[in-house]
Amino acid sequence: MTIDGLDVTVTRKSIKNMYLRVRPADGRVEISAPMRMNERQIVDFVRGRRDWIARQRVRLTQLRDVREDPRMMWTDERRRQAAAVINAVLPGLIAEWGPIIGRTPTHVTLRVMTSRWGSCTPKTGRIRLNLQLGLMDPRFLESVLVHEMTHLWNTRGHGVEFQRRMDTYQPNWRQLRRELNQQPVMGRP
Ligand SMILES: [Zn+2]
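Please read these numbers as outputs of a predicted model, since none were measured by experiment.

A. Local environment of the overall build of the protein chain. The secondary structure content of the protein chain amounts to six helices and seven strands. What you see in the protein chain, going N to C, is helices and strands ordered as β-β-β-β-α-α-α-β-β-β-α-α-α. Taking the principal axes of the C-alpha coordinates as reference, the protein chain spans close to 55 × 40 × 25 Å. If you take every contact in the protein chain between residues at least 6 apart in sequence, the share linking residues at least 24 apart comes to 56%.

Okay, structure coming up:
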């Protein structure tokens, strides 16, 4: 079906909720809808997500550009360079933010990640950071670290408790997060 000029592929399934995805290969919008859901609801669902769909498509285009740009590919030299930068500043950042946040990681590991900037396992106190942060504006590394250290409080996802803490620790975190998520992600060679 076509919704406001947008081609949408609708597949009916025996599911409870409607799901929408933007196909990475070509940016096409695909909907999985419950058997009995009427078209009106599907149209409203897609309209309510127009901004999100547009953002996903911009991101997919950026990712394609990055893959086709050899300067945006990882090399051994870039890995070394990124790790050196992060390792040089990390102890200072943890020493600075530890007392503010009230939690410090047990381990921080660096790795090339293509779908996230960092992750955290509160149970073990382990934080993983995307190596690419070492090649970017330093405020991004700091903001991802603060974000993951806040997860050490074992807050549920990014809910109210998490947001309250982030607002206290780093009042401009939302703005930083938005900027960070607009940065192109380097591809694997
Ligand atoms: Zn998070």
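B. Up close: the UniProt feature "domain: YgjP-like metallopeptidase" (unreviewed entry) in the protein chain. Sites flagged by UniProt as "domain: YgjP-like metallopeptidase" (unreviewed entry) map to residues 18-63 and 85-182. For residues 85-182, the helix share is 50%, the strand share is 14%, and the end-to-end C-alpha distance is 22 Å.

C. Representation of the nonpolar core. Core analysis: the largest hydrophobic core is formed by 17 residues, its most contacted members being I86, L129, L133, L141, V144, L145 and M149. At the level of elements, α3 (76-101), β7 (126-130) and α4 (138-151) are the ones that each hand at least two residues to this core. Leaving out residues up to four positions away in the same chain, I86 has contacts with L110, L129, L133, G134 and L141.

D. Region of interest: the sheet that holds β7. The three strands are arranged β5-β7-β6 in an open sheet whose pairing can be described as mixed. Two strands close off the open sheet at either side, each with one partner strand: β5 (107-111) and β6 (118-121). Taken pair by pair, the neighbouring strands of this sheet meet at an average axis angle of 15°, ignoring direction. Both β5 and β7 contribute to a ladder of five bridges, which runs parallel. Each bridged residue has a counterpart across the sheet, and for H107 the counterpart in β7 is R126. Most of the contacts of α4 go to β6, to which it runs at about 20°, and overall it touches β6 and β7.

E. How the structure looks around the confidence of the model for the protein chain. Scored by pLDDT, the protein chain has a mean of 90; 95% of the residues are at 70 or more. Per-element confidence in the protein chain is highest for β7, whose mean pLDDT is 97, and lowest for helix α2 (residues 50-68), whose mean pLDDT is 78.

F. Quick look at the packing of α4 against helix α6 (residues 173-180). Look at α4 against α6: their axes get within 10 Å of each other, and the N-to-C directions meet at 120°. Crossing hand, α4 versus α6: left-handed. Across the interface between the two elements, R139, F140, S143 and H147 of α4 pack against W173, L176 and L180 of α6.

G. Quick peek at the sheet that holds strand β3 (residues 19-22). Spatially, four strands are ordered β1-β2-β4-β3 in an open sheet, and the strand pairing comes out mixed. Taken across any chain shown, the strands that pair with only one partner, and hence form the sheet edges, are β1 (2-3) and β3. Pairing analysis gives four bridges linking β3 to strand β4 (residues 29-34), with the strands arranged antiparallel. Within β4, the position partnered with R21 by the bridge is E30.

Rules and cut-offs
- Residues numbered from 1 in each chain as written.
- Predicted model: local features only at pLDDT ≥ 70, side-chain atom pairs only at ≥ 80, totals over all residues.
- Helix = DSSP H or I, 4+ residues; strand = E, 2+ residues; numbered from the N terminus.
- Contact = placed C-beta atoms within 7 Å.
- UniProt positions renumbered as here; feature names shortened; annotations may be inferred.
- Core = buried A, V, L, I, M, F, W, Y, C linked by C-beta atoms within 7 Å.
- Buried ≥ 20, exposed ≤ 12 C-beta atoms within 10 Å, placed from the backbone.
- Pairing = 2+ DSSP bridges.
- Axes fitted to C-alpha atoms, helices over the stretch in contact; angles between N-to-C directions.
- pLDDT = per-residue confidence, 0-100.
- Left-handed = near helix turned anticlockwise from the far one by under 90°.

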